[in-house]
Amino acid sequence: MQEVQGKSRDGLTLVSYLTLPADIEGDRPPRPLPMVLIVHGGPWGRDIYGYRRDHQWLADRGYAVLSVNYRGSTGFGKAFVAASEKEHARKMHDDLIDMVDWAIAEGIAQKDKIAIFGLSYGGLASFVGATFTPDVFCCSVPVVGISNLQTLLESMPPYWAGFAEFMYRSYGDPRTEEGRKLLAERSPINKVDNIKKPMLIFHGANDVRCKIAESDTIAAAMQAKKIPVTYIVYPDEGHGFQRPPNQLSHLAIAEAFFARHLGGACEPVGEDFNGSSHEVRAGADILSDLGLA
């Protein structure tokens with residue numbers, strides 16, 4: 001892993017982390033590689049330098065892997081967090097696109113082979129990538145993501161009660177007409193017609209933060225419009241996957257999906273589905289084509 005920095009289009013420094021396959025000497029590949037952009041959750045979290053099993057897994061399969069501390073990430077000062085206020089699907093997403101463009105310009109990423117992948121807010125970013133910037137990514141993999149900002153804010157779990165006003169200020173206030181309009185504008189569920197590229201969605205049925213309806217609704221909308229989607233649900237998981245067999249099947253399915261659309265290596269499934277609870281709720285035919293069903 002190496003630290004890299006780029007500039008947002010409005011001048012912010014975007015501290016990011018890049019991992020290349022182990023057989024590449026130096027800090028740039030000899031030719032552009034397929035790349036996976038992994039977007040961290042929160043959004044009030046951050047990526048740090050150090051061992052990352054997701055980076056190592058994907059780099060081992062032949063991909064460049066990039067994680068970006070977009071505006072709103074913590075650890076870079078109050079102004080950097082404040083710059084994200086009401087900038088979902090706008091400047092926060094622009095930061096990701098600006099670093100993708102940086103990776104292309106640096107000869108790191110192959111322009112037509114870039115995937116977006118993330119959990120929670122990273123899942124929202126993956127939905128946004130597919131709907132707001134549909135020509136940038138060749139595929140998207142949202143995990144326990146958000147497709148409708150209004151329903152997210154209207155169904156917050158009780159333990160977020162003291163957090164509500166901050167959420168309204170950050171995203172938009174669903175109690176006001178202006179706020180509802182903003183939330184609708186920035187919600188991927190209202191841009192489904194823009195989706196052009198394959199999508200693989202994962203969700204835990206017991207998620208109380210980003211409820212399963214967030215994925216149910218966008219998967220159903222895509223099916224209604226005959227847009228290909230593969231949708232995997234874990235009935236015994238919540239906001240993220242904890243049971244080792246479920247983690248293994250999640251990675252096996254994602255790896256096969258990336259191999260199809262990015263062209264990297266993929267291990268045979270073997271026993272990777274043993275003990276997993278995953279349910280295929282859409283796109284079983286695609287999994288059959290991948291040899292996974």
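Refer to the preceding data block for the structure.
The structure contained in this document is the topic of the report that follows. Not measured: the values here are computed from a predicted model.

1. Quick look at the overall build of the protein chain
(1) Moving on: Helix and strand counts for the protein chain stand at 10 helices and 9 strands.
(2) Moving on: Taken over C-alpha atoms, the radius of gyration comes to 18 Å for the protein chain, in line with the 19 Å a tight globule of 293 residues would show.
(3) Moving on: Seen through its C-alpha atoms, the protein chain measures out along the principal axes to roughly 50 × 40 × 35 Å.
(4) Moving on: Residue burial in the protein chain is summarised as follows: out of 293 residues, 56% are buried.
(5) Moving on: Of the contacts formed within the protein chain by residues at least 6 apart in sequence, a portion of 72% connects residues at least 24 apart.

2. Let's talk about the sheet that holds strand S2 (residues 13–19)
(1) Moving on: With mixed pairing, the 9 strands of this open sheet are ordered in space as S1-S2-S4-S3-S5-S6-S7-S8-S9. Of all the strands in the sheet, the pair left with one neighbour each is strand S1 (2–7) and strand S9 (279–282). Ignoring strand direction, the axes of neighbouring strands in this sheet form an average angle of 25 degrees.
(2) Moving on: Where helix H3 (residues 91–105) meets the sheet, its contacts fall on S1, S2, strand S3 (33–39), strand S4 (64–68) and strand S5 (109–119), and the angle it forms with S1 comes to roughly 110 degrees.
(3) Moving on: Contacts from helix H4 (residues 121–132) reach S3, S5, strand S6 (139–143) and strand S7 (199–204), with the element oriented near 140 degrees to S5.

3. Things to note about the nonpolar core
(1) Moving on: Core analysis: the biggest nonpolar cluster contains 43 residues, and Met35, Leu37, Val39, Leu66, Tyr121 and Leu153 have the highest contact counts within it.
(2) Moving on: For this core, the secondary structure elements donating two or more residues are S2, S3, S4, H3, S5, H4, helix H5 (149–154) and helix H6 (164–171).
(3) Moving on: Per-element accounting of this core gives the leading share, 7 residues, to H3.
(4) Moving on: Ignoring any residue separated from it by four or fewer positions in sequence, one finds Val39 in contact with Tyr70, Leu96, Ile116, Phe117, Gly118, Leu119, Tyr121, Gly122 and Ala125.
(5) Moving on: In this structure, Val36, Trp57, Phe117 and Ala254 belong to the second largest nonpolar core, which totals 29 residues.

4. What to know about the packing of aromatic side chains
(1) Moving on: The final tally for this structure, using the stated rule, is 15 aromatic pairs.
(2) Moving on: Relative to Phe241, the ring of Tyr234 lies with its centre 4.6 Å away and its plane at 45 degrees, an arrangement referred to as tilted.
(3) Moving on: On the accessibility criterion, Phe241 (9% relative accessible area) is buried.

5. Some details on the layout of surface pockets
(1) Moving on: In this structure, the largest pocket spans a volume of roughly 650 Å³.
(2) Moving on: Taken together, the elements giving at least two residues each to the lining of the largest pocket come down to S3, helix H1 (53–60), S5 and helix H9 (244–262).
(3) Moving on: When residues of the lining of the largest pocket are assigned to their parent elements, the largest contribution, 5 residues, is made by H9.
(4) Moving on: Of the residues contributing to the lining of the largest pocket, the split by class is 10 nonpolar, 7 polar and 4 charged.

Definitions and cut-offs
- Residues numbered from 1 in each chain as written.
- Predicted model: local features only at pLDDT ≥ 70, side-chain atom pairs only at ≥ 80, totals over all residues.
- Heavy atoms only, no water.
- Helix = DSSP H or I, 4+ residues; strand = E, 2+ residues; numbered from the N terminus.
- Rg over C-alpha atoms; globule rule 2.2 N^0.38 Å.
- Buried < 20%, exposed > 50% of the residue type's maximum accessible area, 1.4 Å probe, protein only.
- Contact = heavy atoms within 4.5 Å.
- Pairing = 2+ DSSP bridges.
- Axes fitted to C-alpha atoms, helices over the stretch in contact; angles between N-to-C directions.
- Core = buried A, V, L, I, M, F, W, Y, C linked by side-chain atoms within 4.5 Å.
- Phe/Tyr/Trp six-rings, centres within 6.5 Å; stacked < 30°, edge-to-face > 60°.
- 1 Å grid on protein atoms, 1.4 Å probe; cavity = no way out; pocket = protein on both sides within 12 Å on 5 of 7 lines; lining within 4 Å.
- Points joined across faces, edges and corners; volume = space filled by probe spheres on them.
- Nonpolar A, V, L, I, M, F, W, Y, C, P; charged D, E, K, R; others polar.

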